[in-house]
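# Coordinates in review
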Amino acid sequence: MIPFDFIYCRPDSLKEASDVYIQLRNEGKTAVYYAGGSEIITMCRSGSIRPDAVIDIKNIPECTVLKIDAQKLHIGAACTLNQIKESKFFPLLGLACGRIADHTNQCRISLGGNLCGTIIYRETSLPLMLSDADITLYGPEGQRTVPFLAVFNGRMQLKAGEFAVQVHIPDWALEARCAHIKRTANEKIDYPLVNVTALWKDGFMRAAFCGICSHPFRSGQIEAVLNDRSLSCDVRAEKVLGLLPEPPYGDVEGSGKYRAFILRNTLSSLLEDAENGKI
Amino acid sequence: MVRYDGKTVVSLNVNNETHEVAARPSDLLLDVLREQLGLTAAKPGCKNGDCGACTVMVDGWPAKSCLMLAVEAQGHAIVTVEGLGGTAAVQKAFVEANAFQCGYCTSGFLMVCQALKTQHPAMPEEYVIEEWLQSNLCRCTGYQEIRKAVHMMYDMT
Ligand SMILES: Cc1cc2nc3c(=O)[nH]c(=O)nc-3n(C[C@H](O)[C@H](O)[C@H](O)COP(=O)(O)OP(=O)(O)OC[C@H]3O[C@@H](n4cnc5c(N)ncnc54)[C@H](O)[C@@H]3O)c2cc1C
Ligand code: FES
Ligand code: FES
């Protein structure tokens, strides 16, 4: 049971959602956008958040789009991980979705919720960081479509009252050579110790990571090393450890040292597989 | 736009019957099913989305009712174990296969299997069955029997 009351709003349009957010704010109330609700409900129950209102975006048509047109795939922020996986439009993102939580939760957790939530892994961000994706946001100042990387630096940088509407992925990325490796401590279904996601464009390997640090990231320096074929796979993997944006993350699932060990081995075998044409 | 502020009468379609209940917008579907409708098949376990004991079927898909608000469930078809009637193939298969020990997880597993059958009327590949079953935990570790029950469910129909 959630030990307090909140207001539940279910707008039918982007403008209604933003207007009700402003109206609630003007009444002195805090409101959060609500999609799958799995994180909001858990946090309300445990008392770590106490919003006065939730604004459910699942009835907004733009937020439930899942279609390919001229040169892009468009995915609404309220689409569930399972819908994205089953659509098979973007296999790399499908692989990420299929390894987040379990199947039943995948039928509920939304893309926007995974990107904008507080859980540090945000595993769907990795394919988006690699694929030159854009994101459409809507809020009190109107609508804007920007490169995903312009508003995602490990977590979403949203303006007050803004919410994610759709992501747009260029068609070159949909069928590009790719790899998704998620290592967990014990069970297949768990948070990642390390997630390494790779996508190749014009023979150049792009790579994004989560689990190894306290936020997902992509790094130009790391990609330069990964693509330096004058070095052996082992040496490249070792060098990456020295280029992490912060010391490896450690918690009860795995110490920083252990995560670094896993990352090095994972990268080394990924590079070998890539060079031997196994990917 | 729908807006609920304070206790509201919520109309829920559960097991093909319409029920009106007075619920707060922050009330969980699990609690409303159990405490207001007396449908106690869906069990509270972790209440965090991890164990699956609370699984029900919403529009033919499995859903963890501890992670869904009752107000959100309006307009959707909810099925709990009570709605299976005692004679569904999945129930017979669980009995035949002895797919339970203490039984606490059983209603959750039954609903996942019923949803699997709804989405995949013909037996899907083994990895699909595994993927769906992995959403639920059995502390008595009767996984082999549960797996067997899924096969029997498909054989029966
Ligand atoms: C059992 C379980 C296992 C999990 N395992 C993993 C895992 O392995 N890897 C992983 O990455 N994550 C994992 N998660 C975390 C999960 O992906 C996040 O908690 C996610 O936020 C849930 O999505 P939701 O749609 O249910 O979000 P909600 O609860 O609806 O929202 C979560 C947050 O995002 C905000 N939000 C939602 N939609 C939008 C939007 N469109 N625009 C702006 N803000 C928005 C909300 O305001 C809220 O702050 C797991 C969660 C569970 C329950
Ligand atoms: S009680 Fe809902 S998943 Fe455990
Ligand atoms: S039969 Fe006891 S928890 Fe599964």
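Source: prediction; values computed, not measured.

The rules behind each value
- Residues numbered from 1 in each chain as written.
- Chains lettered and ligands numbered in written order.
- Predicted model: local features only at pLDDT ≥ 70, side-chain atom pairs only at ≥ 80, totals over all residues.
- Heavy atoms only, no water.
- Pairing = 2+ DSSP bridges.
- Helix = DSSP H or I, 4+ residues; strand = E, 2+ residues; numbered from the N terminus.
- Axes fitted to C-alpha atoms, helices over the stretch in contact; angles between N-to-C directions.
- Left-handed = near helix turned anticlockwise from the far one by under 90°.
- Contact = heavy atoms within 4.5 Å.
- Nonpolar A, V, L, I, M, F, W, Y, C, P; charged D, E, K, R; others polar.
- Core = buried A, V, L, I, M, F, W, Y, C linked by side-chain atoms within 4.5 Å.
- Buried < 20%, exposed > 50% of the residue type's maximum accessible area, 1.4 Å probe, protein only.
- Domains from an automatic or database assignment.
- Polar contact = N/O pair within 3.5 Å; in protein donor to acceptor, adjacent residues only side chain to side chain.
- Buried area = accessible area lost by both parts, 1.4 Å probe.
- Salt bridge = Lys/Arg side-chain N within 4 Å of Asp/Glu carboxyl O.
- Phe/Tyr/Trp six-rings, centres within 6.5 Å; stacked < 30°, edge-to-face > 60°.
- Lys NZ or Arg CZ within 6 Å of the ring centre and 35° of its normal.
- Right-handed = clockwise from strand over helix to strand, strands pointing away.
- Near = heavy atom within 4 Å.
- Areas by Shrake-Rupley, 256 points an atom, 1.4 Å probe, with all protein chains shown as cover.

The next subject is the sheet that holds strand 2 (residues 31-34) of chain A. Spatial strand order, 2(A)-3(A)-1(A)-1(B): four strands in an open sheet with mixed pairing. The sheet is open, and its two borders are formed by strand 2 of chain A together with strand 1 (2-4) of chain B, each paired with just one other strand. Neighbouring strand axes in the sheet, compared pairwise and without regard to direction, differ in orientation by 15 degrees on average. In terms of strand pairing, strand 1 (residues 7-10) of chain A meets strand 3 (residues 53-56) of chain A through three bridges, oriented parallel. Looking across to strand 3 of chain A, one finds that Cys9 of chain A is bridged to Ile55 of chain A.

This paragraph deals with the packing of helix 11 (residues 233-241) of chain A against helix 12 (residues 256-275) of chain A. All names here are of chain A. Between helix 11 and helix 12, the shortest axis-to-axis distance is 8 Å and the interhelical angle comes to 140 degrees. Like other packed secondary-structure pairs, helix 11 and helix 12 cross with a definite hand, here right-handed. Contacts between helix 11 and helix 12 pair Cys233, Asp234, Arg236, Ala237, Glu238, Val240 and Leu241 from the former with Ala260, Leu263, Arg264, Leu267, Ser268, Leu271, Glu272 and Glu275 from the latter. The residue makeup of the contact of helix 11 with helix 12, split by class, is eight nonpolar, one polar and six charged.

Our focus in this paragraph is the nonpolar core. Core analysis: the largest hydrophobic core is formed by 36 residues, its most contacted members being Ile75, Ile135, Phe148, Met156, Val167 and Ile169 of chain A. Broken down by element, this core gets its largest block of residues, four residues, from helix 7 (residues 125-130) of chain A. Structurally, this core is a two-domain feature, drawing no fewer than three residues from each of domain 2 (61-173) and domain 3 (177-275) of chain A. Aside from chain neighbours lying at most four places away, what touches Phe148 of chain A is Leu115, Ser125, Leu128, Met129, Ala133, Asp134, Ile135 and Met156 of chain A. If you look at the next biggest cluster of nonpolar residues, it comprises 35 residues, including Ala63, Cys66, Met68 and Val71 of chain B.

All names here are of chain B. Structurally, Asn13 is set in strand 2 (residues 8-14). Note on Asn13: relative accessible area 27%, which makes it partly exposed. Linking Asn13 and Ile129, residues 116 residues apart in sequence, is a C-alpha distance of 28 Å. When sequence neighbours within four positions are dropped, the list of residues in contact with Asn13 reads Thr18, His76, Ala77 and Ile78. Polar side-chain contacts of Asn13 include one of 3.4 Å to the backbone nitrogen of Asn16.

With that settled, consider the interface of chain B and chain A. With 30 residues of chain B at the interface, the matching set in chain A holds 37 residues. Each partner contributes to the roughly 2900 Å² buried at the junction of chain B and chain A, and carbon and sulfur atoms together form 52% of this total. When the area that chain B buries against chain A is broken down by residue, the three leading residues are Met1, Arg3 and Leu67 of chain B, summing to 23%. There are six salt bridges connecting chain B and chain A. One salt bridge connects Asp5 of chain A with Arg24 of chain B, and the closest N-O pair in it is separated by 2.7 Å. Counting the contacts that link chain B with chain A gives 21 residue pairs in polar contact (both at pLDDT 80 or more).

Our focus in this paragraph is the sheet that holds strand 6 (residues 77-79) of chain B. Residue and element names in this part refer to chain B. The strand order 3-2-6-4-5 describes an open sheet built from five strands, whose pairing is mixed. Two strands lie at the open edges of the sheet, namely strand 3 (17-23) and strand 5 (61-64), each paired on one side alone. Strand after strand, the sheet turns through a mean of 45 degrees between neighbouring axes, direction not considered. Of the pairings in the sheet, the one linking strand 2 to strand 6 comprises two bridges and is parallel in character.

Our next topic: the packing of aromatic side chains. Residues and elements named next belong to chain A. Evaluation of the coordinates by the stated rule reveals ten aromatic pairs over all chains. In this structure an aromatic cluster arises from ring pairing among Tyr21, Tyr33, Tyr138 and Phe163. Its end group placed over the ring of Trp200, Arg177 keeps NZ or CZ at 4.4 Å from the ring centre.

With that settled, consider the pairing of strand 2 of chain A. Residue and element names in this part refer to chain A. Judged from the four bridges that link them, strand 2 and strand 3 form a sheet pairing that is parallel. Considered in strand 3, the bridge of Ala31 is made with Ala53. With helix 2 (residues 38-46) bridging strand 2 and its parallel neighbour strand 3, the resulting β-α-β unit is right-handed.

This brings us to helix 2 of chain A. Residue and element names in this part refer to chain A. Of the positions making up helix 2, those classed as buried are Ser38, Ile40, Ile41, Met43 and Cys44. At its buried positions, helix 2 is contacted by strand 2 and strand 3. Gly47 occupies a position one or two residues after helix 2 and carries a positive phi of about 85 degrees.

Time to look at the site of ligand 1. Taken together, 34 residues are adjacent to ligand 1, and Tyr33, Ser38, Glu39, Ser110 and Glu123 of chain A come closest. Close to ligand 1, residues of chains A and B are found. In the model, an oxygen atom of ligand 1 is placed 2.6 Å from a nitrogen or oxygen of the Tyr33 of chain A main chain. Residue Ala101 of chain A places a main-chain N or O atom 3.4 Å away from a nitrogen atom belonging to ligand 1. Expressed as a share of its isolated accessible area of 970 Å², the protein-covered part of ligand 1 is 93%. Contributing elements (two or more residues each) for the shell around ligand 1: strand 2, helix 2, helix 6 (111-116) and strand 8 (163-170) of chain A. With four residues, the top contributor of residues to the shell around ligand 1 is helix 6 of chain A. Tallied by class, residues from the shell around ligand 1 come to 17 nonpolar, eleven polar and six charged.

Residues and elements named next belong to chain A. In this fold, Ile169 is placed in strand 8. Relative accessible area serves as the criterion here: at 0%, Ile169 is assigned to the buried category. Residues Ile169 and Ile41, spaced 128 residues apart in sequence, show a C-alpha to C-alpha distance of 30 Å. When near neighbours in sequence (up to four residues on either side) are disregarded, Ile169 contacts Gln71, Lys72, Leu73, Ile75, Phe90, Leu128, Ser131, Ala133 and Leu174.

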